[in-house]
Amino acid sequence: MKRIAITNMTGGRNRGCEALVSSILLGLEDVIDRKDLHISLHTGDEQYDRPQFGERIDQTFPLSGIPRAGWSPGRQTMAYRAAAALNQYLPGNRRFGRAQRDLLSADLIVGTGGDVFTSDYWDFTAHARVLHVGKPVALLAQTIGPFNKQAEEYFKNSTKNISICTVRETESLEYLKTITPDINPQLTADVAFLLPVTPPDEARYILEMEHRFPTQGRRLIALSVSGGILAFRSDVEPDKYLREIAAFIDGLNKEGFSVVLVPHVQERDRRNNDLYACREVLKRCSNPLENVILSLPLSASDFKGVIGLCEALIGARTHATIASMSQGIPTVSIAYSRKAWGIMRDYFGQALGTTLTIDVAELNRERMADALKAALANGPTPEIAAEMKRRAAVNFQQIKGFLDALPSN
């Protein structure tokens, strides 16, 4: 039996994180007999994720703060080596605990998170801890870099244990070829392109019965609004951001569309809970009853199913846009980091991908309307969606090949 530890999981209340882990589990189950795998999940929201993933996960562990994130790669490596020795000679030791012992017993550590290996956030070194455990690591379908100078040196000194490195867009591939060609990065696609979708009848039930929002005769546009942008982007003025989105919705209502507001992230921290941002937008709309917020507890697959009922999606959350693109639905991305530009350009091509991506600092009703018009004019893209799913499946062929080459336990 092979042991896989999935790490770097923020928590399933972020439906993008849920989509990544669910898709990883599905991908593993497709290429390896489940009875031959022991799968653990290291998450920042163990209480929520344990029942969320149920029997698909053998064990869950809280993300550990040991060793300290600020330690150098060499010092972290030494700490894990000491832990391994303690675990061998004193298997009941509490110095590092259950989570560390699970990592030390893994045949492969699968790092998820999408874009945590960048300098876009403040916790890169915390996520980089898994690179120093001393076990093989798969960085799976990541956006990696660009790093600031200090973080780039840190990453370059942390690649020894990376056995598989796949990225989800060309910009990351070219960057890694420049700074760490020895890890042999490969272009695939985000694993969430493989996320199962809730069937249309069930998705319609979610809207019509659970949200009391009739769909017959309505033309629907999905709109993912990010609360995190308001909290973490100092160059975005909150009230203007909300007013411009509401004015854009008013324009769609006048054209005969209804808008489905998609709160794709609902973390416990209010600052990163999209429900609050969606409510503030709806308050500013002239005809709020023409639109609906998906306010009940829904899975990533449920969100994807409802998006599938819409003619297009405009998304400020990456995995809301992937839920749309994976179904070949016209998509516009509101970009708050480099990853959005790279994913959109790889999917739609350089010119159209740029047209369909709006920098959040330049967001206004006119840009949103123009981008949506271009997306609808381009039409559905089922062939590209199918190709992205094929590329996403390559991630798990890589894992299978790696595990097959390991000695039998």
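Remember, predicted model here, so these are calculated numbers, not experimental data. (Residues numbered from 1 in each chain as written. Predicted model: local features only at pLDDT ≥ 70, side-chain atom pairs only at ≥ 80, totals over all residues. Heavy atoms only, no water.)

Undergrad: Got a minute to help me understand the overall build of the chain in this structure?
TA: Scanning the chain for helices and strands turns up 17 helices and 13 strands. Scaling as 2.2 N^0.38, a compact globule of 409 residues should have a C-alpha radius of gyration of about 22 Å, and the chain matches this with 21 Å. C-alpha extents for the chain along the principal axes are approximately 70 × 45 × 40 Å. Out of the 409 residues belonging to the chain, those deemed buried represent 57%. A separation of at least 24 residues holds for 71% of the contacts in the chain among residues at least 6 apart in sequence. If you sum the accessible surface of the chain, you get close to 17,300 Å²; carbon and sulfur atoms cover 50% of it. In the chain, 48 side chains carry a positive charge and 47 a negative one; their mean positions are 6 Å apart. (Helix = DSSP H or I, 4+ residues; strand = E, 2+ residues; numbered from the N terminus. Rg over C-alpha atoms; globule rule 2.2 N^0.38 Å. Buried < 20%, exposed > 50% of the residue type's maximum accessible area, 1.4 Å probe, protein only. Contact = heavy atoms within 4.5 Å. Areas by Shrake-Rupley, 256 points an atom, 1.4 Å probe, with all protein chains shown as cover. Lys, Arg positive; Asp, Glu negative; His and termini not counted. Charge placed at Lys NZ, Arg CZ, Asp CG, Glu CD.)

Undergrad: Teacher, can you tell me more about the sheet that holds strand 10 (residues 292-293) here?
TA: Strands belonging to one sheet form pairs held by backbone hydrogen bonds; the direction of such a pair is parallel or antiparallel. Strands sit in the order 10-9-8-11-12-13 across an open sheet of six strands; the sheet is parallel. Across the chains shown, the open sheet's two edge strands, defined by having one partner strand only, are strand 10 and strand 13 (357-359). In this structure, strand 11 (residues 312-315) lies alongside strand 12 (residues 331-335), joined through three bridges in parallel fashion. Residue pairing in the sheet places Gly315 in a bridge with Ser333 of strand 12. (Pairing = 2+ DSSP bridges.)

Undergrad: Teacher, can you tell me more about the packing of aromatic side chains here?
TA: Any aromatic ring pair is given by two values, namely how distant the centres are and how the planes are angled relative to each other. Per the stated rule, a full pass over the model turns up seven aromatic pairs. Among the aromatic residues, those joined into a ring-pair cluster are Phe117, Phe124, Phe147, Tyr154, Phe155 and Tyr175. (Phe/Tyr/Trp six-rings, centres within 6.5 Å; stacked < 30°, edge-to-face > 60°.)

Undergrad: Would you explain the environment of Asp190 in this entry?
TA: As for its placement among the helices and strands, Asp190 is situated in the loop between strand 7 (186-187) and helix 8 (200-210). Separated by 173 residues in sequence, Asp190 and Leu363 place their C-alpha atoms 26 Å apart. Within polar-contact distance, the side chain of Asp190 engages the side chain of Arg168 at 2.6 Å. (Polar contact = N/O pair within 3.5 Å; in protein donor to acceptor, adjacent residues only side chain to side chain.)

Undergrad: How should helix 17 (residues 382-404) be read in this particular structure?
TA: A turn of α-helix holds 3.6 residues, and therefore any two residues three or four places apart point the same way. Taking 1.5 Å per residue as the helical rise, helix 17 with its 23 residues ought to reach 33 Å, and the 33 Å between its terminal C-alpha atoms agrees with that figure. Within helix 17, the full set of buried residues consists of Ala385, Met388, Arg391, Ala392, Val394, Asn395, Phe396, Ile399, Phe402 and Leu403. (Expected span 1.5 Å × (residues − 1).)

Undergrad: Hey, could you run me through the nonpolar core in this one?
TA: One recurring pattern in soluble globular proteins: nonpolar side chains tend to sit buried together. In this structure, Leu223, Val225, Tyr241, Ile245, Leu261, Val281 and Met368 are the most contacted members of the largest nonpolar core, which totals 50 residues. Counting residues in hydrophobic clusters, the runner-up holds 29 residues, among them Leu104, Val116, Ala151 and Cys165. (Core = buried A, V, L, I, M, F, W, Y, C linked by side-chain atoms within 4.5 Å.)

Undergrad: Would you take a moment to explain the sheet that holds strand 6 (residues 162-167) for this structure?
TA: Ordered by their spatial adjacency, seven strands build an open sheet running 3-2-1-4-5-6-7, and the pairing between neighbours is parallel. A single partner strand is all that each edge strand has here, and the edge strands are strand 3 (59-62) and strand 7. Examined bridge by bridge, strand 6 and strand 7 share two bridges and lie parallel to one another. Opposite Thr166, over in strand 7, you have Gln186 as the bridge partner. Running over the sheet, helix 7 (residues 170-179) touches strand 5 (137-142), strand 6 and strand 7 and is turned about 140° from strand 6. Against the sheet, helix 17 touches strand 1 (2-9), strand 2 (37-43), strand 4 (108-111), strand 5, strand 6 and strand 7, its axis set at about 170° to strand 6. (Axes fitted to C-alpha atoms, helices over the stretch in contact; angles between N-to-C directions.)

Undergrad: Just checking my understanding: could you explain unusual backbone geometry for this structure?
TA: Along the chain, Gly145 connects to Pro146 via a cis peptide bond; the corresponding omega equals -5°. Here Pro146 is to be found in the loop between strand 5 and helix 6 (149-156). Despite not being glycine, Asn184 shows a phi value in the positive range, around 55°. Position of Asn184 among the secondary structure elements: in the loop between helix 7 and strand 7. Its identity as a non-glycine residue notwithstanding, Arg212 has a phi of 55°, on the positive side. Mapped onto the secondary structure, Arg212 falls in the loop between helix 8 and strand 8 (219-224).

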